[in-house]
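Architecture and fold: a report
For reference, the chains in residue letters:
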Amino acid sequence: MSQSLDGKTAVVTGASSGIGAATAEAFARNGANVVVAARREERLEALRTDLETAYDAAVEVVPTDVTDEDAVDALVDAAAERFGGIDVLVNNAGVAAGSDVEAMATEEYRTMMTVNCDGMFFATRAAIPYLRESEGTLVFIGSFAGQYPRPFNPVYAASKWWTRGFAKSVSAQVGDDFAVTTINPAAVRTEFAVDGAGEFSSPEPFKEQFAPGEAVEPEEVADAVVFAAKQSPSMVSELDLYDRDKLTLLDG
Ligand SMILES: NC(=O)c1ccc[n+]([C@@H]2O[C@H](COP(=O)([O-])OP(=O)(O)OC[C@H]3O[C@@H](n4cnc5c(N)ncnc54)[C@H](OP(=O)(O)O)[C@@H]3O)[C@@H](O)[C@H]2O)c1
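Treat the numbers as computed from the prediction; the structure is a model and nothing was measured.

**Considerations on unusual backbone geometry**
- In this structure, the amide linkage connecting Ser232 to the following residue, Pro233, adopts the cis form with an omega of -5 degrees.
- With respect to the helices, strands and loops of the structure, Pro233 is situated in the loop between helix 7 (218-230) and strand 7 (238-241).
- The phi dihedral of Asp56 is positive, around 55 degrees, even though this residue is not glycine.
- Residue position: Asp56 is located in the loop between helix 2 (41-55) and strand 3 (59-63).
- By relative accessible area, which is 70% here, Asp56 ends up exposed.
- With phi around 50 degrees, Glu135 is a residue other than glycine that occupies positive phi space.
- With respect to the helices and strands, Glu135 occurs in the loop between helix 4 (106-134) and strand 5 (137-141).

Here you go:
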């Protein structure tokens, strides 16, 4: 069964661009209150203006570095204080850095692990009491890279395998209390870039490397997030969003 998101509250990390910004927009379009978090405050303020103008949405901007656990706790508290609770947390903030393991700087490794793993842990831990209260939905943005080996960035891939493992295991721990969904996109036309080695290697963001129609659009990922959040009760454990020929690349 589908439920309305009108008046519900969604917290979106990494909302200053790409999938996160599109997801915030999709929740606002569906009548939800939106709490947008990322480090670039001016981007978040511009998004707030857009969503207020387009949808008369209630938007809270909370500049947040997801690697800072106190900041993430403050984000969740600010959301609950402004809107009285949290119905959806979208753990979306994520980065890629480096490529070859043998040449990878420790800093690149730590950046991926702290943003992609620690950040999702901090936000999940802080939001669990509110999601229990609302019987809401916890969404993780995983990746195709978290389902199949990725020769051109094993650490990024491993962080996304972690995401899926964490999501499934949290789901096992919380049982029927609230829903947990992982969305696994392949290449999405955003500011995300993989500048190291391999088939997509380029400092150019994916939105410039791929023409419309050649990869997944951020709005399509946002629609999948909203679909998951609307299910009541939700039985959406994972959704994979790939180009239709994506799996043919695995044919060695
Ligand atoms: N694009 C793809 O092909 C693709 C495919 C599969 C999965 N994904 C995943 O989708 C998610 C979103 O990526 P995207 O494609 O939308 O890329 P994007 O446009 O580069 O967006 C990344 C977002 O993460 C935020 N972020 C980065 N470090 C952060 C930090 N320390 N604290 C808070 N926010 C931080 C950025 O905001 P600030 O810089 O303002 O902090 C930005 O809003 C990531 O988890 C990514 O791994 C992407």
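**Notes on the packing of helix 4 against helix 5 (residues 154-174)**
- Here helix 4 crosses helix 5 at 15 degrees, and the two axes come no closer than 9 Å. It follows from the interaxial angle that helix 4 and helix 5 lie roughly parallel. In this structure, helix 4 meets helix 5 at a crossing whose hand is right-handed. Across the interface between the two elements, Tyr109, Met112, Met113, Asn116, Cys117, Met120, Phe121, Thr124 and Arg132 of helix 4 pack against Val155, Tyr156, Ser159, Lys160, Trp162, Thr163, Phe166, Val170 and Val174 of helix 5.
- A class-by-class count of the residues in the contact of helix 4 with helix 5 yields twelve nonpolar, four polar and two charged.

Cut-offs used in this document
Residues numbered from 1 in each chain as written. Predicted model: local features only at pLDDT ≥ 70, side-chain atom pairs only at ≥ 80, totals over all residues. Heavy atoms only, no water. Helix = DSSP H or I, 4+ residues; strand = E, 2+ residues; numbered from the N terminus. Buried < 20%, exposed > 50% of the residue type's maximum accessible area, 1.4 Å probe, protein only. Axes fitted to C-alpha atoms, helices over the stretch in contact; angles between N-to-C directions. Parallel < 35°, antiparallel > 145°, perpendicular 65-115°, else oblique. Left-handed = near helix turned anticlockwise from the far one by under 90°. Contact = heavy atoms within 4.5 Å. Nonpolar A, V, L, I, M, F, W, Y, C, P; charged D, E, K, R; others polar.

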